[in-house]
Each structure stands twice: as structure tokens, then as C-alpha cells.
Amino acid sequence: MNDTAMPQITPDYVHWFRNSAPYINTHRGKTFVIMFGGEAVNHPNFSNLIHDFALLHSLGIKLVLVHGARPQIEKNLTQLGIDSPLHQDIRVTPREAMPTILEAVGAIRLQIEAQLSMGLANSPMYGSRIDAVSGNFVTARPYGVRDGVDYQMTGEVRSIDVEAIKNNLLHNHIVILGSMGYSATGEIFNLLGEDVALKAAVALNADKLIFLGGETGINEEGRLLHAMIPNEVDRFLRDRDLDREIYYFLHCAAQACREGIHRTHIISYAQDGALLEELFTRDGSGTLISHDPYEEIRRATIDDVVGLIELLSPLEEQGILVQRSRERLEQEIELYSVIERDGMILGCAALYPLDEESAEVASIAIHPEYRNGSRGADLLAFLEQQARSHGRHNLFALTTRTAHWFIEQGFEEVNAEMLPEPRRTAYHNGRNSKVFKKKL
């Protein structure tokens with residue numbers, strides 16, 4: 001019996017743990033490439049990150065850790081008085097600097113391996129058995145002469161030894177890659193850690209590429225951008241004076257999406273638990289860059305019926321929406337559209353044809369936790385496009401509680417007699433709903 005006091009099990013903890021189950025199942029057996037710089041290694045929260053890496057490993061996630069060493073390298077070079085300037089944010093690496101660069105990179109690798117090997121009682125690593133491996137997995141070539149500048153021993157990734165890395169992952173090892181690469185002639189080159197992570201993720205066809213930085217994610221005017229797609233990243237990078245770390249994270253994230261990595265995450269190494277929050281909650285903690293929009297508006301299928309019932313039932317009980325049985329939902333499922341995020345139905349709406357010219361919008365519902373935003377308007381726009389595609393130019397809506405919202409969306413109140421038959425006949429059901437119409 002462990003004498004250590006057990007933490008109090010709160011309702012919030014139980015709720016979080018239950019809701020993390022789908023992600024635990026989804027992530028098991030997947031390959032994640034996680035990149036962090038030397039700044040993360042120096043941060044007090046790094047020991048917690050190591051524990052989180054161990055937790056992910058114990059859940060069956062295959063991990064490739066890529067580390068940088070910029071502050072450690074700069075400190076060593078300054079102490080030795082070696083000039084290694086940056087040109088366009090890329091280090092010019094003279095040959096005489098390589099020994100101290102190798103020392104800095106090697107020290108970080110040994111530190112990571114040592115911390116992953118801890119198995120102390122009463123610690124998060126208790127009982128864990130983790131084998132971390134590193135090696136000459138990255139082949140490099142010279143960065144060369146660019147804009148008249150000879151980058152000397154600075155290199156770029158030429159290839160990744162995919163077979164060797166996958167073999168180690170198959171044997172339940174964590175693979176560690178540093179910001180160094182080896183040429184076919186035996187030379188060692190100083191590489192950009194972000195480039196190593198990008199090329200490794202693409203070569204391994206990783207399920208996720210994760211960048212750990214000093215910020216919570218990508219912020220615009222003090223507001224966290226929870227999700228972006230590559231084209232939005234391109235616009236964000238244009239004409240902005242960004243921190244070097246953020247620039248490279250975004251550039252590599254967009255490139256990763258274009259080369260087949262479905263999801264890249266930019267989160268904080270300083271925020272305790274940010275990695276777990278990003279991976280095991282629906283809203284995450286940082287910024288997600290994905291090839292397709294994170295939230296998808298699509299036509300509903302029969303598999304969505306349970307989610308629709310959970311969304312609509314509370315509003316039906318309050319009398320806000322007309323009650324619909326499961327059988328009716330199943331029969332009318334092709335009339336519904338939904339907003340989905342990671343398998344959860346966040347919103348829904350239905351488009352009922354009335355006659356050749358008209359259709360009715362009904363059952364607009366957004367999950368209570370996601371009502372801050374434009375999801376209702378986005379769903380309405382999706383239905384309007386459907387109506388236009390079927391040649392219907394009159395859109396009706398009946399409501400008892402949300403009249404102002406429909407007015408804000410361009411509807412105007414009309415007399416119930418303007419409803420097409422047989423909808424006009426069915427209108428008299430005791431609800432006394434207000435009738436709104438929008439000309440498309």
C-alpha cells in the first residue's frame with residue numbers, strides 16, 4: 001500500500017478523464033514528432049514535460065523528440081570568444097565552432113536520456129521503463145553559399161533514416177534527434193531543429209507534428225488563434241515582424257500540412273499540462289494548423305442521430321424547439337446539416353423544402369459551450385447555399401425565442417398567411433410562432 005496521499009477525485013477530474021477516453025483510443029499506436037528548443041530544456045517546467053512524454057509513451061504513442069540548442073550554443077561560443085553570426089536567422093557555423101556546438105547538443109541529449117530514465121518512487125516516473133535512443137538517423141548536406149554568404153558547417157537535412165527510426169519505435173523506444181546531421185563523407189553539420197522535425201515528420205508520415213514554444217500558441221492582437229489552415233498561415237506571415245521561433249514554427253507547420261501531415265500543433269513548453277490539454281481535450285491549449293478546417297460543416301448522416309438528440313433534447317424540453325422523435329430524425333436525417341469537431345456535434349440545422357420556390361430553416365441548435373462565435377450564422381449560410389442550389393429563393397423560419405437573431409441574419413417578420421401550403425395549415429399548432437422570411 002502506497003503511503004502517499006491520493007489526490008482528491010473531483011467531478012471536474014472525472015468529467016475530464018471520461019472525455020479524454022476517445023483521444024486515448026485515437027492516439028494509441030500513432031507517431032508524434034515533438035520539437036522543442038534549448039529554451040525549453042532550460043525552463044523550470046521541463047521536468048514536467050519529461051513526465052508528460054513518459055505518460056504519452058505509456059499510452060502507446062510512438063514518440064520522436066527533436067531538440068534544439070540555440071541558447072546553449074550561444075553561451076558556449078561567447079565563453080570561447082568564437083564569432084558565429086546569424087544571417088537571415090540562420091547561423092553561420094565556422095569549423096572551429098563545431099566542437100563546442102557538439103558539446104552543447106550532446107549535453108542536452110544526455111540530459112533528456114537521464115530524465116527519461118528516472119524511476120523514483122513517489123514521482124510521476126515511478127515504475128516506468130523507457131529506452132531512449134539516438135544515432136546517425138539524419139543525413140545532411142552543406143547549406144552552401146547564399147546571397148554571397150558562406151554558411152560553412154551549417155547544413156540542411158538531406159534524408160531521414162526512416163527504417164531505422166521505425167524499427168526503434170516498433171521496439172517501444174523513444175527516438176531522440178538533435179540539431180545535427182552527418183554527411184556521406186563523415187562530416188557533421190549544424191542544422192535547424194525545426195527543419196529536422198519537419199523532415200522527420202514528413203518522412204515518417206507522422207500523425208502529428210508538435211512544436212513547443214515560449215508562447216501559448218499563435219496570438220493576434222492578444223487573441224489566441226485556436227486553428228489555422230495553410231493559406232491563413234501564409235497571410236499571417238505576410239508583412240509581419242515575427243519572433244524567429246514563431247516564424248519558423250508557422251512556416252514548418254504550413255509546409256507539413258502541404259506534405260501530408262494532417263495536424264500540426266504549436267503550444268507552450270512553459271505552461272504546465274499544455275501538451276496533455278492539447279492532445280486530450282476538444283478545445284486544446286494552443287494553435288492547431290490543419291490541412292482542412294478544424295470544424296467541418298457537412299450534411300448529416302444516420303450516424304449523427306445520437307449526437308443530434310443530445311443537442312436538441314434540452315431545447316425541446318424548454319419548448320424552444322418542436323419535439324422530434326428519434327424515428328422522425330432518422331427519417332429526415334438527409335435534411336440536416338451539422339458542425340462537427342473531432343467527432344462531436346457542436347451544432348445542427350435542418351432545411352425543409354416547402355414548395356418549388358421555398359424552404360424552411362428549422363432546428364438550429366448550437367452546443368451551450370460553443371455559442372460564442374458565428375457557428376449559427378455559418379450553418380445558416382450553409383443552408384442558404386443548399387437552398388439556392390435547388391432553385392429555392394424564399395427562406396422561411398418560425399421561432400418563439402430567437403426573433404432578433406433572425407432579424408440580424410437578414411430575415412424580416414411576415415404574416416403567417418405568407419407561408420406556402422401545406423406549411424400554412426400546419427402552422428396552427430398552438431405555439432404561436434413568429435414567422436420570418438428572407439429573399440435569397
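Residues numbered from 1 in each chain as written. Predicted model: local features only at pLDDT ≥ 70, side-chain atom pairs only at ≥ 80, totals over all residues. Heavy atoms only, no water.

Under an unreviewed UniProt entry, the name given to the protein chain is Amino-acid acetyltransferase, and the organism recorded is Psychrobacter pasteurii. The annotation that UniProt attaches to the protein chain under Catalytic activity (unreviewed entry) is "L-glutamate + acetyl-CoA = N-acetyl-L-glutamate + CoA + H(+)". Taken verbatim from the UniProt record of the protein chain, the Sequence similarities (unreviewed entry) comment is "Belongs to the acetyltransferase family. ArgA subfamily." (UniProt positions renumbered as here; feature names shortened; annotations may be inferred.)

**Q** Explain the environment of L209 to me, and be specific about the residues and the numbers.
**A** Summarising the element assignment, L209 is placed in strand 13 (residues 208–213). Along the sequence, L209 and C257 sit 48 residues apart, while their C-alpha atoms lie 9.5 Å from each other. Once you skip the residues sitting within four places of it in the chain, L209 turns out to touch V33, A197, L198, A201, A256, I261, R263, T264 and H265. (Helix = DSSP H or I, 4+ residues; strand = E, 2+ residues; numbered from the N terminus. Contact = heavy atoms within 4.5 Å.)

**Q** Give a detailed account of the pairing of strand 23 (residues 394–399), specifying residues and quantitative values.
**A** Of all 6 residues in strand 23, 6 are buried; the element is thus mostly enclosed. Neither face of strand 23 is left uncovered, since the one carrying N394, F396 and L398 and the one carrying L395, A397 and T399 both have all their residues buried. Across 4 bridges, strand 22 (residues 358–366) lies against strand 23 in parallel orientation. From the neighbouring strand, E360 faces strand 23, where its bridge partner is F396. (Buried < 20%, exposed > 50% of the residue type's maximum accessible area, 1.4 Å probe, protein only. Pairing = 2+ DSSP bridges.)

**Q** Quick one: what's the story with the pairing of strand 22, residue by residue and with numbers?
**A** In terms of burial, strand 22 is a largely internal element, 8 of the 9 residues being buried. The sheet contact formed by strand 21 (residues 344–353) and strand 22 spans 6 bridges and is antiparallel. Bridge assignment links G347 to a residue of strand 22, and that residue is I366. Between strand 21 and strand 22, which follow one another and run antiparallel, lie 4 residues. With respect to chirality, the unit in which strand 22 leads through helix 13 (residues 375–389) into the neighbouring parallel strand 23 is right-handed. (Right-handed = clockwise from strand over helix to strand, strands pointing away.)

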